Amino acid sequence: MAVQFGGYQNEIYLQGLGDKLPPFTTDPTRLEGLARETFDPGPFGYVVGGAGSGATVAANREAFDRWRIVPRMLTDATTRDLGATVLGQSMPAPVLLAPVGVQSIVHPDGELATARAAAALGITMVLSTASSHTIEEVAEANGDGPRWYQLYWPNDNDVTISILHRAKAAGFSALVVTLDTWTLAWRPNDLDQAYLPFIRGIGNAVPFSDPAFRALLAKSPEEDPTAAILQWIPMFTGTDKRWDQLPFLREHWDGPIVLKGIQHVDDARRASDAGMDGIVVSNHGGRQVDGAVAALDMLPEIAAAVGDRLDVLFDSGIRTGADVVKALALGAKAVLLGRPYVYGLGLGGEDGVRHVVRSVLADLDLTLGLSGNRTLADLSPDTLRRT
Ligand SMILES: Cc1cc2nc3c(=O)[nH]c(=O)nc-3n(C[C@H](O)[C@H](O)[C@H](O)COP(=O)(O)O)c2cc1C
């Protein structure tokens, strides 16, 4: 039975009869403003910020605005099915939670709250290597929920293998390898506040709990956290990687592999030629290359080139149900939600994540139906008009 995500709307109105309001706004455009009022300045700047002038963050949103949905009538879209199949896995909706590191900077429960909220909704969470809780703790919080693991590919092979084994043993079914962040971009929001979570000891739970990483240290991270942090930071983002090293991951990961951060059609083809199972067309939410092309602008060409050979996912700029419709119509099989759920986490912990995700899914369900579509298969470039 397809989940009727739009039902969140009736739930909210009915609860209003008992004077109960939603935990915070249902308006996706107000989340950032609420977070600005609520979060500490360092964490807020880290989450909202982009590379350089912020031009790529803005471009991601402008690209969505240029596409408009053309609604169709009398199509019997009263009951929708948002079900999707990605990497052979059935999903109740084509939305995953993007890998976001250092979540404890906005809420002490961090990734554990996200894992619980995702599991309650049956939505797949992607856990970051920069998590503030260990792989095993997050898996336990996620229980039977579907989960993928995002790798920042360490320069040390033993550490990489150890992390991959731990993720597999903890029930993470797919590997997402992020390629666009082998070093941090120039990020004025963080630089102006001299605020980088990792240096402050946040977001290092995965290496600090890793036997292969600990074996490299003269003193344990508990005895000498600074030395451990300084060992990890230059190692963890994978500065020495090239295309011809991908077989190493195949050898040590038994399951689907997805490359995240693809923006050029030739890189998408290379991913396919290398036997990858999926890609995420993404510019990391505009956090890496200032002045980069909007991720959405590259999606149609990439989906047309490789969409029949691997699963094309998308992120960078998804805020509303309409945004999801647009990305799917332009060729994505599913999308990753990023900053909005992190605002939800900071505003309300597990309940806050659940509220934001349910809101996006309800909006998606209703927008899909009201534009005359019953399933995701009904969406195509014809659903949209470029303005
Ligand atoms: C605070 C923050 C931390 C992030 N950390 C990671 C990470 O650890 N690994 C990763 O692959 N992507 C990371 N990302 C990028 C997201 O996975 C995703 O690509 C991005 O948030 C999409 O852009 P949007 O939030 O504007 O939609 C991070 C994004 C934010 C906002």
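According to UniProt, the comment filed for the chain under the heading Sequence similarities (unreviewed entry) is "Belongs to the FMN-dependent alpha-hydroxy acid dehydrogenase family." Its UniProt record gives the chain a comment under Cofactor (unreviewed entry), which states: "FMN".

Bringing the pairing of strand β7 (residues 175–178) into the picture now. Neither face of β7 is left uncovered, since the one carrying Leu175 and Val177 and the one carrying Val176 and Thr178 both have all their residues buried. Of the pairings in the sheet, the one linking strand β6 (residues 147–151) to β7 comprises three bridges and is parallel in character. Across the sheet, the residue bridging to Tyr149 is Leu175, located in β7. Note on the crossover from β6 through helix α7 (residues 157–169) to β7: the handedness is right-handed. Both β7 and strand β8 (residues 257–262) contribute to a ladder of four bridges, which runs parallel. Residue Leu175 lies in a different strand from β8, and its bridge partner there is Ile257.

UniProt feature "active site" (unreviewed entry): in the numbering of this structure it lies at His284. Position of His284 among the secondary structure elements: in the loop between β9 (278–281) and α14 (295–306). Looking at His284, the number of C-beta atoms within 10 Å reads 25, which means it is buried. Those residues in contact with His284 that sit more than four places away from it in its chain are Asp180, Thr181 and Gly261.

What follows is about the environment of Ala118. Looking at the secondary structure, you find Ala118 in helix α5 (residues 110–121). Look at Ala118 and you get buried, because 27 C-beta atoms sit within 10 Å. When the C-alpha positions of Ala118 and Met91 are compared, they lie 12 Å apart, and in sequence the two are 27 residues distant. The contacts of Ala118, once residues within four sequence positions are left out, are Leu97, Ile123, Thr124, Met125, Asn142 and Gly145.

The environment of the ligand is made up of 21 residues, and the closest members are Ala98, Gly101, Ser128, Gly285 and Gly338. Grouping the amino acids of the shell around the ligand by side-chain chemistry returns eight nonpolar, ten polar and three charged.

Per the UniProt record, the feature "binding site: glyoxylate" (unreviewed entry) sits at Tyr46, Tyr152, Arg187, Lys260, His284 and Arg287. Residue Arg187 is classed as buried on the basis of its 20 C-beta neighbours within 10 Å. With respect to the element layout, Lys260 can be found in strand β8. Using a count of 24 C-beta atoms within 10 Å as the deciding quantity, one classes Lys260 as buried.

Glancing now at unusual backbone geometry. Residue Asp19 is not a glycine yet carries a positive backbone phi of 60°. Secondary-structure assignment places Asp19 in the loop between α1 (7–16) and α2 (31–38). At Ala194, a residue that is not glycine, the phi angle is positive and equals roughly 45°. Relative to the helices and strands, Ala194 is located in the loop between α8 (188–192) and α9 (205–208). The exposure class assigned to Ala194 is exposed, which follows from the 8 C-beta atoms found within 10 Å.

A few words now on the nonpolar core. If you look at the biggest cluster of nonpolar residues, it comprises 114 residues, and the most contacted ones within it are Ile279, Leu299, Ala332 and Val335. At 13 residues, helix α16 (residues 339–370) tops the list of elements feeding residues into this core. If near-sequence neighbours (up to four positions away) are discounted, Leu299 is found in contact with Val281, Phe314, Ala327, Leu330, Gly331 and Ala332.

All right, on to helix α4 (residues 55–66) then. In this model α4 runs 16 Å from its N-terminal to its C-terminal C-alpha over twelve residues, within 8% of the 16 Å that 1.5 Å per residue would give. For α4, the full list of buried residues reads Thr56, Val57, Ala59, Asn60 and Ala63. With its buried residues spanning 165° around the axis, α4 presents them on a single face.

Right, let's talk about the environment of Thr178 for a bit. Inspection of the secondary structure puts Thr178 in strand β7. With sequence-adjacent residues up to four places away left out, Thr178 is seen in contact with Gln150, Tyr152, Lys260 and Gly261.

A few words now on the packing of helix α15 (residues 321–329) against α16. The contact between α15 and α16 brings their axes to 7 Å, and the two run at 60°. When the interaxial angle is binned, α15 and α16 end up oblique. As for how α15 packs across α16, the hand of that crossing is right-handed. Here Gly321, Ala322, Val324 and Val325 of α15 lie close against α16, whose contacting residues are Val360, Asp363, Leu364, Leu366, Thr367 and Leu368. Taken together, the residues of the contact of α15 with α16 sort by class into seven nonpolar, two polar and one charged.

Each value, and the rule that gives it
- Residues numbered from 1 in each chain as written.
- Predicted model: local features only at pLDDT ≥ 70, side-chain atom pairs only at ≥ 80, totals over all residues.
- UniProt positions renumbered as here; feature names shortened; annotations may be inferred.
- Buried ≥ 20, exposed ≤ 12 C-beta atoms within 10 Å, placed from the backbone.
- Helix = DSSP H or I, 4+ residues; strand = E, 2+ residues; numbered from the N terminus.
- Pairing = 2+ DSSP bridges.
- Right-handed = clockwise from strand over helix to strand, strands pointing away.
- Contact = placed C-beta atoms within 7 Å.
- Near = placed C-beta within 6 Å.
- Nonpolar A, V, L, I, M, F, W, Y, C, P; charged D, E, K, R; others polar.
- Core = buried A, V, L, I, M, F, W, Y, C linked by C-beta atoms within 7 Å.
- Expected span 1.5 Å × (residues − 1).
- Arc of directions from axis to C-beta.
- Axes fitted to C-alpha atoms, helices over the stretch in contact; angles between N-to-C directions.
- Parallel < 35°, antiparallel > 145°, perpendicular 65-115°, else oblique.
- Left-handed = near helix turned anticlockwise from the far one by under 90°.

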